[in-house]
Each structure stands twice: as C-alpha cells, then as structure tokens.
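Here's the letter readout for the chains.
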Amino acid sequence: MKFDFILHWLWALVFSILALSGIAMAGAKYGWVMQYDIATADIVHRLAAVVYVLLTVIIIFYEIIRILRRDKTKKPWLVFGPSGYGLFTFITTLVFIITGAVIWLFMDSNHAATAFTLWIHEKLTYLAAASVIWHIYMKSHALKWPKNKERKAR
Amino acid sequence: MWMQKKWFKLFVWYVTISFFFAFGAILISMFRFGPTEQEAMSFMMGMMKAMETSLMGLSMQVKEDANIQRLVYESVQFAFPLLAISIAGGVYVRCRRKV
C-alpha cells in the first residue's frame, strides 16, 4: 500500500473525529451531537488534535524529502499540494493548528486572544466541512461498490 | 488496488458518512430554533464537568504549577529559534529547486 494513500485516509479519519467532537463543543445548539458530554468531546478533540498535528508534520517532512531527492513523481493521494484543493487544505490546516494551539495554551490567561482564535477556529470548521463535502462530491467515483465478477460472468 | 477491496470501500463509506453527518449537524444546529433553556443548562453542566474531569481541567491545573510554567516558558524560548531556522531551511530548499 502506498504511503501517501495511507496518510490521506488516516488524515481524513482524524479530521472527521475532530469535526464531530469540535462541533459538540461549539455551543448549546450543537451539544446534542455528543449528548452534551463535553468532557468526552474535549478529551477526544485534544487527543485527535495531537494525532492531526503529528500527521501534518509527517506529511510536510515527506514533501521536504521528496523535494531534496528531486522526486517529481505525481502523488495523487498526498493531502497537501501546490494548487487547488491541496493548497486550500494546507492553509486551513495551518490556521487550524495555530488557532487550536492558542486556544489550548491561553484559555485562561489571555481571554481576548482565546475568544478571537476560537471564533476563527469555529468558522473555519464550517468552511472546511463544506469543502470536504465538495471534495467528496468531486471524488464520488471512490464510493462505487466493486462489481461482482462472478455474477457478471453468468 | 486497495480502493477496490470491499473492506476498504466500507471504510471509505464510513468516513464519507461521518462527514455528511458533521455537515448535516452543523446545518440543523445553525438554522433551527433554540437553544432551549434545558439545552443551555445541559451544555453548561457538560462544560462544568469538563472543567473537572477532562484535559481542559488538567491544563488549568498545570498552569497553576510554577515549575511546569517555567518549563513551558523555556520550551517556547527554544521553539521560536527552531521555527525560524526551519522556515529559513524551507525557503532555502524551495529557492534551490530549479523547476
């Protein structure tokens, strides 16, 4: 199995967990997503965030190694790219990580910074969720179930 | 091809459905009436519980510890030069590439 393929799907899975646990904490209107269990949502969100940052660092290092080796082979499964959806994902990921770190570190020391970054973090979640739906729509051929060759042969 | 294997297709469907659920949950929550008083109370109770039993509460306790605060402060002192060196390295590598 290709490394970039594994990274893509691991990243998608972690992002899905982050989106669902994050939405549950977005406000009283959203709490039903995890039945108002904010404590669990918080733990899940922070643990998934650590994995998310690690995966992002691995992907960036992988890309740097490719540049240093002058590897120009196309990697269609890589999460980040120089243009299009890959670039959008890269920018939103960096903003997610920076704002997330500010929220985590300054939650009770700098309320103004936390409130501002929390607002960006939340609004960006809605944008990213919409963009993922668009991405799935564009790649919907991946959802086609494999045909049964035996049945076809009959 | 892995994408053609049935167990992997199931995984892809699972991830896709989770995103549709997330997007649906956002739309439903955003455009519905409320929150009701009961929902607001449940949310506040959840937040209070999180302060005690989750990493949110733990991080608050950590911040009260002077030793850990000093450690964090010193780590940050290391982090910024490392970040600057990394960015400079990245720019150097990018500029050296001819294509």
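- By the naming in an unreviewed UniProt entry, chain A goes by Cytochrome b561 bacterial/Ni-hydrogenase domain-containing protein and is assigned to Paenibacillus durus ATCC 35681.

## What to know about the domain arrangement of chain B
For step 1, the next point in the chain: Entries for chain B in the domain assignment read domain 1 (1–31) and domain 2 (65–98).
For step 2, the next point in the chain: Between domain 1 of chain B and domain 2 of chain B, the C-alpha centre-to-centre distance is 36 Å.

## Focus on unusual backbone geometry
For step 1, the next point in the chain: Note that the residue after glycine 34 of chain B, namely proline 35 of chain B, is joined by a cis bond; omega there is 5°.
For step 2, the next point in the chain: Tracing the backbone through its elements, the reader meets proline 35 of chain B in the loop between α1 (6–31) and α2 (37–53).
For step 3, the next point in the chain: The phi dihedral of glutamine 35 of chain A falls on the positive side, at around 50°, and the residue is not glycine.
For step 4, the next point in the chain: Note that glutamine 35 of chain A resides in the loop between α1 (3–24) and α2 (38–68).
For step 5, the next point in the chain: On the accessibility criterion, glutamine 35 of chain A (69% relative accessible area) is exposed.
For step 6, the next point in the chain: Even without glycine at this site, arginine 70 of chain A takes up a positive phi of about 55°.

## Digging into the UniProt feature "transmembrane region" (unreviewed entry) in chain B
Residues and elements named next belong to chain B.
For step 1, the next point in the chain: Feature annotation in UniProt assigns "transmembrane region" (unreviewed entry) to the following positions: residues 12–34 and 71–93.
For step 2, the next point in the chain: Taken end to end, residues 12–34 has its terminal C-alpha atoms 34 Å apart, with 87% of it in helix and 0% in strand.
For step 3, the next point in the chain: Secondary structure across residues 71–93 comprises 100% helix and 0% strand; the distance between its end C-alpha atoms is 32 Å.

## A look at the packing of α1 of chain A against α1 of chain B
For step 1, the next point in the chain: Two elements in contact, α1 of chain A and α1 of chain B, have axes separated by 10 Å at closest approach and are oriented at 30°. The orientation of α1 of chain A with respect to α1 of chain B, classified from their angle, is roughly parallel. Viewed along their axes, α1 of chain A and α1 of chain B form a crossing whose handedness is left-handed. Contacts between α1 of chain A and α1 of chain B involve Phe5, Trp9, Ala12, Leu13, Phe15, Ser16, Ala19, Leu20 and Ile23 of chain A from the first element and Phe8, Phe11, Val12, Tyr14, Val15, Ser18, Phe19, Phe21, Ala22 and Ile26 of chain B from the second.
For step 2, the next point in the chain: Of the residues that constitute the contact of α1 of chain A with α1 of chain B, the class distribution is 17 nonpolar, two polar and no charged.

## Concerning the side chain of serine 18 of chain B
For step 1, the next point in the chain: If you trace the backbone, serine 18 of chain B turns up in helix α1.
For step 2, the next point in the chain: The exposure class of serine 18 of chain B is buried, given its relative accessible area of 9%.
For step 3, the next point in the chain: One polar contact links the side chain of serine 18 of chain B to the main-chain carbonyl oxygen of valine 15 of chain B, over a distance of 2.6 Å.
For step 4, the next point in the chain: With residues up to four places along the chain from it excluded, the contact list for serine 18 of chain B reads Ser16 and Leu20 of chain A.

## Regarding the interface of chain A and chain B
For step 1, the next point in the chain: Counting residues at the interface gives 46 residues for chain A, matched by 47 residues for chain B.
For step 2, the next point in the chain: Buried surface at the junction of chain A and chain B, summed over both partners, amounts to about 4500 Å²; 77% is from carbon and sulfur atoms.
For step 3, the next point in the chain: At the junction of chain A with chain B, the criterion picks out zero salt bridges.
For step 4, the next point in the chain: At the surface where chain A touches chain B, the tally comes to eight residue pairs in polar contact (both at pLDDT 80 or more).
For step 5, the next point in the chain: At the level of elements, α1, α2, α3 (84–106) and α4 (111–138) of chain A are the ones that each hand at least two residues to the side of chain A that touches chain B.
For step 6, the next point in the chain: The element contributing the most residues to the side of chain A that touches chain B is α1 of chain A, with 10 residues.
For step 7, the next point in the chain: Here the side of chain A that touches chain B is built from residues that sort into 36 nonpolar, three polar and seven charged.

Calculation criteria
Residues numbered from 1 in each chain as written. Chains lettered and ligands numbered in written order. Predicted model: local features only at pLDDT ≥ 70, side-chain atom pairs only at ≥ 80, totals over all residues. Heavy atoms only, no water. Domains from an automatic or database assignment. Helix = DSSP H or I, 4+ residues; strand = E, 2+ residues; numbered from the N terminus. Buried < 20%, exposed > 50% of the residue type's maximum accessible area, 1.4 Å probe, protein only. UniProt positions renumbered as here; feature names shortened; annotations may be inferred. Axes fitted to C-alpha atoms, helices over the stretch in contact; angles between N-to-C directions. Parallel < 35°, antiparallel > 145°, perpendicular 65-115°, else oblique. Left-handed = near helix turned anticlockwise from the far one by under 90°. Contact = heavy atoms within 4.5 Å. Nonpolar A, V, L, I, M, F, W, Y, C, P; charged D, E, K, R; others polar. Polar contact = N/O pair within 3.5 Å; in protein donor to acceptor, adjacent residues only side chain to side chain. Buried area = accessible area lost by both parts, 1.4 Å probe. Salt bridge = Lys/Arg side-chain N within 4 Å of Asp/Glu carboxyl O.

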